[in-house]
Amino acid sequence: MSIIYALIAREDTQSGYGENIHVLVEQSLDAVGNFPQITRQEILKKVPKNDRSLYKYKEKYVYHTINEDSFTYLCLTDASFPKRTAMTFLEEIKKSFNEKYSFDERIKAITFKMNDSFGGILGNKMKYYNQNSLDPRLARIKNEAQATLGIMEGNLDSVNERGEKLELLVKS
């Protein structure tokens, strides 16, 4: 379960939709394959304007996208990666990107212009979400189970102490 690849792209508003797309920043984590090429040549052209969408790829992967104001925020995940987590990742990337660069900087940027300044941020967020990819409901259940386990361990310690005290009483 992981985010394999992510990018932020901008559509050139001067040309027709999908004809001239600039990838501003992209990042992959130990991915083997031609995901960047497939994404740039096929998937980006299919992303609907001002929409959120999913595309299954070879039943093993899912492309998650957010398109707003001529910008596409995209990530490729394993099919088992939680969809809600992938969309939360994209929302966070979008927010960070918009906070770091003014609209004017973003709209005028050329292909791969922001790889040096934003690629590390994108990579770090991918690593974070890969390590913390549990669906929020599962994360809550996991935390509750750990809390219950802590209580049970405390109770067992108390029982052991009582047992030792009873043993001392019987010996006296």
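What you see is a predicted model, and the numbers here were worked out from it, not measured in a lab.

Cut-offs applied
Residue indices begin from 1 for each chain and proceed along its sequence in written order. The predicted origin of the model limits local features to residues at a pLDDT of at least 70 and limits the giving and counting of side-chain atom pairs to 80 or more, whereas totals for whole chains, interfaces and linings rest on all residues. Side-chain descriptors were evaluated using all non-hydrogen atoms of the structure, hydrogens and water having been removed beforehand. Structural elements are reduced to axes, namely lines fitted to C-alpha atoms, with helices fitted over the stretch in contact, and the angle between N-to-C directions of any two is expressed from 0 to 180 degrees. Comment: elements are numbered from the N terminus, with helices defined as DSSP H or I runs of at least four residues and strands as E runs of at least two. Roughly parallel refers to an angle under 35 degrees, roughly antiparallel to one over 145, roughly perpendicular to one between 65 and 115, and oblique to any angle outside these ranges. Crossing handedness is defined as follows: a turn of the near helix away from the far one that is anticlockwise and smaller than a right angle gives a left-handed crossing, while the clockwise case is right-handed. Any two residues having at least one pair of non-hydrogen atoms within 4.5 Å are treated as being in contact. For this document, the term salt bridge refers to a Lys or Arg side-chain nitrogen within 4 Å of an Asp or Glu carboxyl oxygen. Partly exposed describes any residue whose relative accessible area lies between the buried limit of under 20% and the exposed limit of over 50%, with all areas from a 1.4 Å probe on protein chains only and scaled to the type maximum. Residue-level confidence of the predictor is summarised by pLDDT, bounded by 0 at the bottom and 100 at the top. Residues grouped as a nonpolar core are buried Ala, Val, Leu, Ile, Met, Phe, Trp, Tyr and Cys residues, joined through side-chain atoms within 4.5 Å. Pairing between strands is defined by DSSP: at least two bridges between them are needed. His is not counted, nor are the chain ends, whereas Lys and Arg count as positive and Asp and Glu as negative. To pair, rings of Phe, Tyr and Trp, with the six-membered ring standing in for Trp, must have centres within 6.5 Å; the planes then decide the type, stacked if under 30 degrees apart, edge-to-face if over 60, and tilted in the middle. Only lysine NZ and arginine CZ atoms are considered, and such an atom sits over a ring when it is within 6 Å of the ring centre and within 35 degrees of the ring normal.

Participant: Could you give an account of the packing of helix α2 (residues 83–100) against helix α4 (residues 115–131), naming the residues involved and the relevant values?
Facilitator: In the contact formed by α2 and α4, the axes pass within 11 Å of each other and the chain directions differ by 155°. Comparing their axes, α4 and α2 come out roughly antiparallel. In the packing of α2 onto α4, the handedness of the crossing is right-handed. Between α2 and α4, the contacting residues are Thr85, Thr88, Phe89, Glu92, Ile93, Ser96, Phe97 and Lys100 on the first element and Ser117, Phe118, Ile121, Leu122, Lys125, Met126 and Tyr129 on the second.

Participant: Account for the pattern of salt bridges, naming residues and giving values.
Facilitator: For the structure shown, the criterion picks out eight salt bridges. Among the ionic pairs, glutamate 99 bridges to lysine 95, the shortest N-O distance being 3.7 Å. Note that glutamate 99 and lysine 95 are positioned in helix α2 at a spacing of four residues, about one turn of the helix. For the pair shown, glutamate 99 and lysine 95 are each scored as exposed. Here lysine 108 makes a salt bridge to aspartate 104, at a shortest N to O gap of 3.4 Å.

Participant: Lay out the confidence of the model for the protein with the relevant residues and their values.
Facilitator: Scored by pLDDT, the protein comes out at a mean of 81, with 84% of its residues at no less than 70. Mean pLDDT per element in the protein: helix α5 (residues 136–171) is the minimum at 69, and α2 is the maximum at 94.

Participant: Can you lay out the nonpolar core for me, pointing to particular residues and giving the numbers?
Facilitator: Core analysis: the biggest nonpolar cluster contains 23 residues, and Tyr73, Phe89, Phe97, Phe118 and Leu122 have the highest contact counts within it. Going through the elements one at a time, β1 (3–11), β2 (21–28), β5 (71–78), α2 and α4 are the ones with two or more residues in this core. Those residues within four positions of phenylalanine 89 in sequence are excluded, and the remaining contacts are Ile3, Ala6, Cys75, Leu122, Lys125, Met126 and Tyr129. Listed in part, the 16 residues of the second largest apolar core include Leu7, Ala9, Ile38 and Ile43.

Participant: Tell me about the sheet that holds strand β4 (residues 61–68), and please be specific about residues and values.
Facilitator: Paired through their backbone hydrogen bonds, the strands of a sheet run either parallel or antiparallel. If you walk across this open sheet you meet the five strands as β2-β1-β5-β4-β3, and the pairing is antiparallel. Of all strands in the sheet, those bounded by a partner on one side alone are β2 and β3 (51–57). Strand-to-strand, the axes of this sheet are offset by a mean angle of 15°, without reference to chain direction. Two elements, β3 and β4, share seven bridges in a ladder whose sense is antiparallel. Within β4, the residue paired with arginine 52 across the bridge is isoleucine 66. Across the sheet, helix α1 (residues 35–46) lies against β1, β2, β3, β4 and β5, angled at about 50° from β1, the strand it touches most.

Participant: Before we move on, can you summarise the side chain of aspartate 78 with the specific residues and values?
Facilitator: With respect to the element layout, aspartate 78 can be found in strand β5. Buried within the structure, aspartate 78 lacks any salt-bridge partner; lysine 60 is the closest side chain of opposite charge, at an N-O distance of 8.5 Å. Setting aside anything within four residues of it in sequence, one finds aspartate 78 in contact with Met1, Ser2, Ile4, Lys60 and Tyr61.

Participant: A description of the packing of aromatic side chains should follow, citing residues and the corresponding values.
Facilitator: Taken as a whole and judged by the stated rule, the model has nine aromatic pairs. Geometrically, the ring pair formed by phenylalanine 71 and phenylalanine 103 is edge-to-face, given 6.3 Å between the ring centres and 75° between the ring planes. Of this pair, phenylalanine 71 sits in strand β5 while phenylalanine 103 is found in helix α3 (residues 103–108), placing the two residues 32 residues apart along the sequence. Owing to a relative accessible area of 1%, phenylalanine 71 belongs among the buried residues under this scheme. Cluster of aromatic residues (ring-pair linked, three or more members): Phe71, Tyr73, Phe97, Tyr101, Phe103 and Phe118. The ring centre of phenylalanine 71 lies 5.4 Å from the NZ or CZ of arginine 106, which sits over that ring.

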